[in-house]
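Fold and contact review
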Amino acid sequence: MGYCNLIMGVNGERFFDFKDEVKEALENGRPVVALESTLISHGFPYPENLKVAGEMEEIIRRYGVVPATIAVIKGKIKIGLRASELEFMATSKDILKASRRDLVAIVAKGLNGATTVAATMLVAERAGIKVFATGGIGGVHRGVEKTFDISADLQELARTSVAVVCSGAKAILDLPLTLEYLETMGVPVIGFGSEELPAFYCRESGLKVDYVVNNEKEAVGIIRTMEDLGLKGGIIIANPVPEEYSISVEYMNEVIEEAVRGAEKEGVKGKKLTPYLLNKIKEITGGKSLKANIELVKDNARVAAKIARALKS
Ligand code: PSU
Ligand code: MN
């Protein structure tokens, strides 16, 4: 019986491909941080996507932690991407967006999928990875009363035990409704040195988080308590974008409203909506949003690495 069977349960092994360094780290109880691939394939443009993906991994390594970027390539669930695979995810036009509901078909049909927060969480949990860094989670979309568009990330957070370090939910969402949904689902929302839920490009949103931790040790206290109480489900560790890259809420709201109007006019919806809006916002802000996005994901990688390391000590 191979390594995967031990941690994956029965019959899963043939679907997984662990990068050597990740496998070794997991076997030896060394800290690992999971990273998603939707932000590489659909979130950032090329070549920034490849650069950021590499930088996130490098930052994590600096803390003695092993990065495991998760994706599906030709039907194999990759836990840790090799350089050529990272490049493939950053450049190929042939990559589907893989959330929970897509994962099974993409694997069964041997296709390529970039994993969202939801899919990355579920794969990370299977692999025994407890900390995951990303930009922003999905959530309740503006105009939900007409579209019913609520990201599967929120349901995943309710049931999958991984701590997600992020800069809140994407600013394009309805943040008050996203918080309400998370409350209903029982997901702890913890500010990392911040009393407010960050709004992705902005440090502030005007919405309070439930609780604050001031460092990685306190974050570990929350994660361990949840585990020891036998409570299943994710935890949101909300880390605001570094001050110097933060964009003002007022300006960002105008930009987002313009982008949302564009999507309505062009009839963009469903899984195409998030990439469309992010791209539109980048255009309107003349790249300022892109810079903020890059810096916030890097900072989240840093915080996640510190938490993963502290979890092992
Ligand atoms: N944040 C970004 N870029 C992205 C995403 C988030 O800056 O591409 C992705 C994440 O992978 C998240 C997904 O899980 O968007 C949510 O998509 P949806 O709303 O379709 O569930
Ligand atoms: Mn959606």
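Everything discussed here concerns the structure shown above.
Throughout what follows, the structure given in this document is the object of discussion. Predicted model only: the values in this text are computed from it and were never measured. Each chain has its residues counted from 1, following the order in which its sequence is written. Numbering of ligands from 1 and lettering of chains from A proceed in the order in which they are written. A pLDDT threshold of at least 70 governs which residues receive local features in this predicted model, and a stricter bar of 80 or more applies before side-chain atom pairs are shown or counted, although totals over entire chains, interfaces and linings include all residues. Where side-chain values are given, they derive from all heavy atoms of the structure, hydrogens and water being excluded.

Quick look at the overall build of the protein
Helix and strand labels come from DSSP, where a helix needs a run of H or I of at least four residues and a strand needs a run of E of at least two; each type is numbered from the N terminus. When helices and strands are tallied, the protein shows 14 helices and 11 strands. Against the globule reference of 20 Å for 313 residues, the protein gives a C-alpha radius of gyration of 18 Å, in line with a compact fold. Seen along its three principal axes, the alpha-carbon backbone of the protein occupies a region of about 55 × 40 × 35 Å. The cut-offs for exposure are 20% and 50% of the maximum accessible area for each residue type, with area from a 1.4 Å probe on protein chains only; residues under the lower value are buried, those over the upper are exposed, and the others partly exposed. The proportion of buried residues among the 313 residues of the protein is 56%. Every residue pair with non-hydrogen atoms within 4.5 Å of one another is taken to be in contact. The contacts of the protein with a sequence gap of at least 6 include a subset with a gap of at least 24, amounting to 73%. On the protein, roughly 14000 Å² of surface is accessible, and the fraction owed to carbon and sulfur atoms is 51%. All tallies of charge rest on Lys and Arg as positive and Asp and Glu as negative; His and the ends of each chain are not included. For the purpose of locating charges, the reference atoms are NZ of Lys, CZ of Arg, CG of Asp and CD of Glu. In the protein, 41 side chains carry a positive charge and 42 a negative one; their mean positions are 5 Å apart. When we talk radius of gyration, it's over C-alpha atoms, and the globule rule is simply 2.2 Å times the number of residues to the 0.38. Values of accessible area rely on a 1.4 Å probe in the Shrake-Rupley scheme; residue burial ignores everything except the protein chains shown.

Here we look at the packing of aromatic side chains
Where two aromatic rings form a pair, the distance of their centres and the angle of their planes describe that pair. Stacked, tilted and edge-to-face are the three classes assigned to paired rings of Phe, Tyr and Trp, where Trp is represented by its six-membered ring and a pair needs centres within 6.5 Å; plane angles under 30 degrees give stacked, over 60 edge-to-face, the rest tilted. All told, the structure shown has two aromatic pairs when counted by the stated rule. Consider the rings of Phe16 and Phe18, whose centres lie 6.5 Å apart with planes at 35°: the pair is tilted. Considered together, Phe16 and Phe18 belong to a single accessibility category, that of buried residues. Ring geometry for Phe200 and Tyr201: centres 4.8 Å apart, planes at 75°, overall edge-to-face. For the pair shown, Phe200 and Tyr201 are each scored as buried.

Some thoughts on the pattern of salt bridges
Each reported salt bridge corresponds to a side-chain nitrogen of Lys or Arg within 4 Å of a carboxyl oxygen of Asp or Glu. This model, assessed by the stated rule, comprises 18 salt bridges. For the salt bridge of Lys78 with Asp17, the shortest nitrogen-to-oxygen distance reads 2.7 Å. Here the residue Lys78 occupies a position in strand E4 (residues 76–79), and Asp17 occupies one in strand E1 (residues 16–18), the gap between them amounting to 61 residues. Since its relative accessible area comes to 9%, Lys78 is described here as buried. A salt bridge links Glu295 to Lys291; its shortest N-O distance comes to 3.0 Å. In this pair, Glu295 and Lys291 are both assigned in helix H14 (residues 288–311), four residues apart and thus about one turn of the helix distant. In this structure Glu295 comes out as buried when scored by relative accessible area, which is 11%. The network of salt bridges with shared partners includes Lys51, Glu55, Lys291, Glu295 and Lys298.

A look at unusual backbone geometry
Residues Tyr46 and Pro47 are joined by a peptide bond in cis, for which omega reads 5°. Structurally, Pro47 can be placed in the loop between helix H3 (38–43) and helix H4 (48–62). For Lys74, which is not glycine, the phi torsion reads 45° and is therefore positive. The residue Lys74 is located in the loop between strand E3 (66–73) and E4 in this model.

A few points about the site of ligand 1
Any residue with at least one heavy atom within 4 Å of a molecule or strand is counted as near it. Inspection of the region around ligand 1 gives 15 residues, with Glu36, Lys97, Val117, Ser151 and Asp153 positioned closest. Side-chain atoms alone can form a polar contact between residues adjacent in sequence; in general such a contact is a pair of N or O atoms within 3.5 Å, and within protein one must be able to donate a hydrogen while the other accepts it. For ligand 1, an oxygen atom lies 3.2 Å from a polar atom in the side chain of Lys170. One nitrogen or oxygen atom from the side chain of Thr274 is found 3.5 Å from an oxygen atom belonging to ligand 1. Gly is placed with the polar residues, together with every amino acid not listed as nonpolar (Ala, Val, Leu, Ile, Met, Phe, Trp, Tyr, Cys and Pro) or charged (Asp, Glu, Lys and Arg). The residue makeup of the shell around ligand 1, split by class, is three nonpolar, eight polar and four charged.

Here's the deal with the nonpolar core
Formed by 111 residues in total, the largest nonpolar core has its most connected members in Ile137, Tyr201 and Ile307. When residues in this core are grouped by element, the largest group, 13 residues, is from H14. Not counting the four nearest positions on each side in its chain, Tyr201 is found in contact with Ala171, Val241, Tyr245, Ser246, Ile247, Met252, Leu278, Ile281, Ser289, Ala292, Asn293 and Leu296. The set of buried Ala, Val, Leu, Ile, Met, Phe, Trp, Tyr and Cys residues whose side-chain atoms join them within 4.5 Å is what this entry labels a nonpolar core.

Regarding H14
Multiplying 1.5 Å by the residue count of a helix minus one yields the expected span of that helix. Between its first and last C-alpha, H14 extends 35 Å over 24 residues, near the 34 Å set by a 1.5 Å rise per residue. Counting buried positions along H14 yields 19 of 24 residues, so the element is predominantly enclosed.

A closer look at the pairing of strand E9 (residues 189–192)
Side chains Val189 and Gly191 project from E9 onto one buried face, and the interleaved Ile190 and Phe192 project onto a second face that is buried too. Summarising the sheet, E9 and strand E11 (residues 235–238) pair through three bridges and their orientation is parallel. The partner of Ile190 across the bridge, within E11, is Ile237. With three bridges joining them, E9 and strand E10 (residues 211–213) adopt parallel strand pairing. Opposite Ile190, over in E10, you have Tyr211 as the bridge partner. Two strands pair under a simple rule: DSSP has to find at least two bridges between them.

Some remarks on the packing of helix H9 (residues 152–159) against helix H10 (residues 175–184)
What counts as an axis is a line fitted to C-alpha atoms, over the stretch in contact for a helix, and the angles between N-to-C directions run from 0 to 180 degrees. In contact at an axis separation of 10 Å, H9 and H10 are set at 30° when each is read in the N-to-C sense. What the angle tells us is that H9 and H10 run roughly parallel. The two elements H9 and H10 cross, and the hand of that crossing is right-handed. Facing H9, whose interface residues are Leu154, Gln155 and Leu157, H10 presents Thr178, Tyr181 and Leu182. For the contact of H9 with H10, the residue count by class is four nonpolar, two polar and no charged. In these notes the angle categories are as follows: under 35 degrees is roughly parallel, over 145 is roughly antiparallel, 65 to 115 is roughly perpendicular, and the rest is oblique. Take the far helix as the reference: if the near one is turned anticlockwise from it by less than a right angle, the crossing is left-handed, and if turned clockwise, right-handed.

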